[in-house]
Amino acid sequence: MCGIIGYTGHRPAVPFIIEGLRRLEYRGYDSSGVCYAQSGRLNVVRAEGKLALLEDKLANMEVSLATTGMGHTRWATHGAPTENNAHPHRSSRGELCLVHNGIIENYQEHKNALIGKGYCFSSDTDTEVLVNLIADERAAGMPLLQAFANALKKAQGAFALALMSPEEPDVVYAARHSAPLLLGIGQGENFVASDIPAFLPYTRDVVFLEDGEIVRITPGTWQVFSIESLEPLDKRTHHIEWDLQAAQKGGFKHFMLKEIFEQPRVIADCMAGRVDMARREVSIPELADANIPSRLRIVACGTSFHAGLWAAPLFETWAGIPTTVEIASEFRYRSPLLEAGEAVLVISQSGETADTLAALRIAREKDCPVIGVCNVVGSSIAREADAVVFTQAGPEISVASTKALSSQMTALLLMALYWGHRRGVLPAGVMQEALHGLSSLPGHMENSLPALREQAKGLARRYSACKGMFFLGRGQSFPLALEGALKVKELSYIHAEGYAAGEMKHGPIALIEPDFLSFFLAPHDALFAKSKSNLEEVQARSGPVIVLTNPHTEGKELRAAETWTLPEAWGPLNGFLMLCALQLFSYETATCLGKDVDQPRNLAKSVTVE
Ligand code: M6R
């Protein structure tokens, strides 16, 4: 949560920082601010609300001479999203400025001690405490680097920080612990940021900072130090292959829509190098050296959790591996028992989700091997897992996850095939059918998406006024029902619940009335007849129904329902097309209601706090 950026070099810093913040706005967007060094002083400008309001303020200011600065876009944790709580924060004597992503858990005890020493506070934030803690170390005579490190050693919690001082007006210091931070290396300029797109137009050479590291950048130099010892550290530079195009809207109105339409390519990219169609084989080189687990514990949050629920039956039926799926925030606090031979499989698009990362660390402490399924290369989860399967979806900018889920489903399905084959338990014909189906899936999806969008628009127009929605499915459609409900909730702010269709009669059916929609996921599978009975129970109570189904189930059987018919795919692959339909329905519903699709209220893309 929150995006930070720092720059020092030869170009005007403020326009660069604003441009970078725009590409980090997905991380938080309730207030923003910049700090820039000009004429030997640090100037701070902050604004409540979206970045455009900060730009309006800056429009009337002379900032063109500043070539060093830093910026912040906020998702509030401590204190309301007001200008006063917006970053950067100054130390109480005004000498230091700090931007922060994360939470300082023991800020209150430090605040009390600092107040005792005469420090004043003007915001409700933990960040203002930390900047004063650094200032206090500096006042005690420590050089700035040492003062920064000493203060960080006293801070508990998660942070990615950038720090400036008028004593060194062309220097930015930055540090991380349990929150993402990268260093970008340019020619006569250097960058720090929470995510690569912030500086991608200017450099693709990146250093991934680790927990417990501080970096000092000037226009021509950079050096990483250990926070603990202040020893200089050797760091490896990585060259980023993807370009800015991948992080821009490419003609679509919203990132979400672009990312929905990217799914055919994302599925193909995830298969590339893993599927040998000629030999009808799947290989996952990243798992070649890892033992096949005798039991699998999938741990994830949100949409990634739904990917795990969707894939669990594949690990069981194709690979014969008993699999359970847990929400990371629950797993981490319940002392889970992990058996010998068991592996924890963490799924995370960002690779930075605090709860999922904590679950990974717990598993490792218990000597349980951890496999990561991750999108972001260089993320904490990718670096800390014993083995990582990258989903190769490219940057996902929209806060609402779409293509990440398709890529996770593809990667997990391939893993189940791979392990099932290696263990010699894959049911006959499954490899053949699955690979045949997968190879035609991207084309199939690409052809279907434009029509699906039109159908979604029509349905959204008819049902967006509903006061509530159920998303209902059985078997592998159940996790997708959860995902459909999550998408509608987060984008449209309509109360929506995902349920196993068979659970309706145990309570939820009491909510059914003429303006409460039930959206059934009922593909042409062995459970269709059961879902149909549940659907009729809703219709008998005058509840409106949409049913997402396949051609073979159309017609008389579903006469009274609003049917949305998708082309049929093989077995679990039906889930990919149903997912697109659900994503488009939620997108069009939110658009119909005039909601901010890419930046829904109260949310942020990367949840690096608990
Ligand atoms: O980056 P992660 O996959 O670990 O994120 C987990 C959830 O925060 C995320 O899937 C969230 O539920 C979606 N953005 C919702 O659309």
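The model shown is predicted, which means the values in this text are computed figures rather than measured ones.

Caption draft 1: Molecular detail of the side chain of Arg 332. Within the fold, Arg 332 resides in the loop between helix H9 (328–331) and strand S20 (342–348). Side-chain polar atoms of Arg 332 contact the side chain of Tyr 333, separated by 3.3 Å. Here Arg 332 is in contact with Ala 354, Asp 355, Ala 358, Ile 362 and Glu 610, once residues within four sequence places are set aside.

Caption draft 2: Spatial organisation of the sheet that holds strand S21 (residues 370–374). One open sheet accounts for five strands, arranged S19-S18-S20-S21-S22; its pairing is parallel. At either end of the open sheet lies a strand with only one pairing partner, and these are strand S19 (323–327) and strand S22 (387–390). Here the average twist between neighbouring strands, direction ignored, is 20 degrees. Of the pairings in the sheet, the one linking S21 to S22 comprises four bridges and is parallel in character. Paired with Ile 371 across the strands is Ala 387, a residue of S22.

Caption draft 3: How the structure looks around the site of the ligand. As a matter of local geometry, the ligand sits amid 15 residues, with Ser 304, Ser 348, Ser 350, Thr 353 and Glu 490 nearest to it. Within the side chain of Ser 348, an N or O atom sits 2.6 Å from an oxygen atom of the ligand. Gln 349 has a polar backbone atom sitting 2.7 Å from an oxygen atom of the ligand. Protein coverage of the free-state accessible area of the ligand, which is 420 Å², stands at 90%. Secondary structure elements with two or more residues in the shell around the ligand: helix H8 (302–319) and helix H14 (477–492). For the shell around the ligand, the residue count by class is five nonpolar, eight polar and two charged.

Caption draft 4: How the structure looks around the pattern of salt bridges. Taken as a whole and assessed by the stated rule, the structure comprises 34 salt bridges. Two residues, Arg 23 and Glu 19, come together in a salt bridge whose shortest N-O distance is 3.1 Å. Of this pair, Arg 23 and Glu 19 both sit in helix H1 (residues 13–24), four residues apart, roughly one helical turn. Take Arg 23: its relative accessible area is 13%, and that puts it in the buried class. The exposure class of Glu 19 is partly exposed, given its relative accessible area of 27%. Through salt bridges with shared partners, a single ionic network connects Lys 258, Glu 262, Arg 265, Asp 269 and Lys 403.

Caption draft 5: Expanded view of the nonpolar core. In this structure, Phe 315, Met 415, Leu 417, Trp 419, Phe 471, Trp 564 and Phe 585 are the most contacted members of the largest nonpolar core, which totals 85 residues. Sorting elements by how many residues they give to this core places helix H13 (residues 430–463) first, with 12 residues.

Caption draft 6: Representation of the pairing of strand S18 (residues 295–300) within the structure. Of all six residues in S18, five are buried; the element is thus mostly enclosed. Pairing between S18 and S20: five bridges, direction parallel. Across the sheet, the residue bridging to Ile 298 is Leu 345, located in S20. Both S18 and S19 contribute to a ladder of five bridges, which runs parallel. Looking at the pairing, Arg 297 lines up with Thr 324 of S19. Handedness of the S18-H8-S19 crossover: right-handed.

Criteria and cut-off values
Residues numbered from 1 in each chain as written. Predicted model: local features only at pLDDT ≥ 70, side-chain atom pairs only at ≥ 80, totals over all residues. Heavy atoms only, no water. Helix = DSSP H or I, 4+ residues; strand = E, 2+ residues; numbered from the N terminus. Polar contact = N/O pair within 3.5 Å; in protein donor to acceptor, adjacent residues only side chain to side chain. Contact = heavy atoms within 4.5 Å. Pairing = 2+ DSSP bridges. Axes fitted to C-alpha atoms, helices over the stretch in contact; angles between N-to-C directions. Near = heavy atom within 4 Å. Areas by Shrake-Rupley, 256 points an atom, 1.4 Å probe, with all protein chains shown as cover. Nonpolar A, V, L, I, M, F, W, Y, C, P; charged D, E, K, R; others polar. Salt bridge = Lys/Arg side-chain N within 4 Å of Asp/Glu carboxyl O. Buried < 20%, exposed > 50% of the residue type's maximum accessible area, 1.4 Å probe, protein only. Core = buried A, V, L, I, M, F, W, Y, C linked by side-chain atoms within 4.5 Å. Right-handed = clockwise from strand over helix to strand, strands pointing away.

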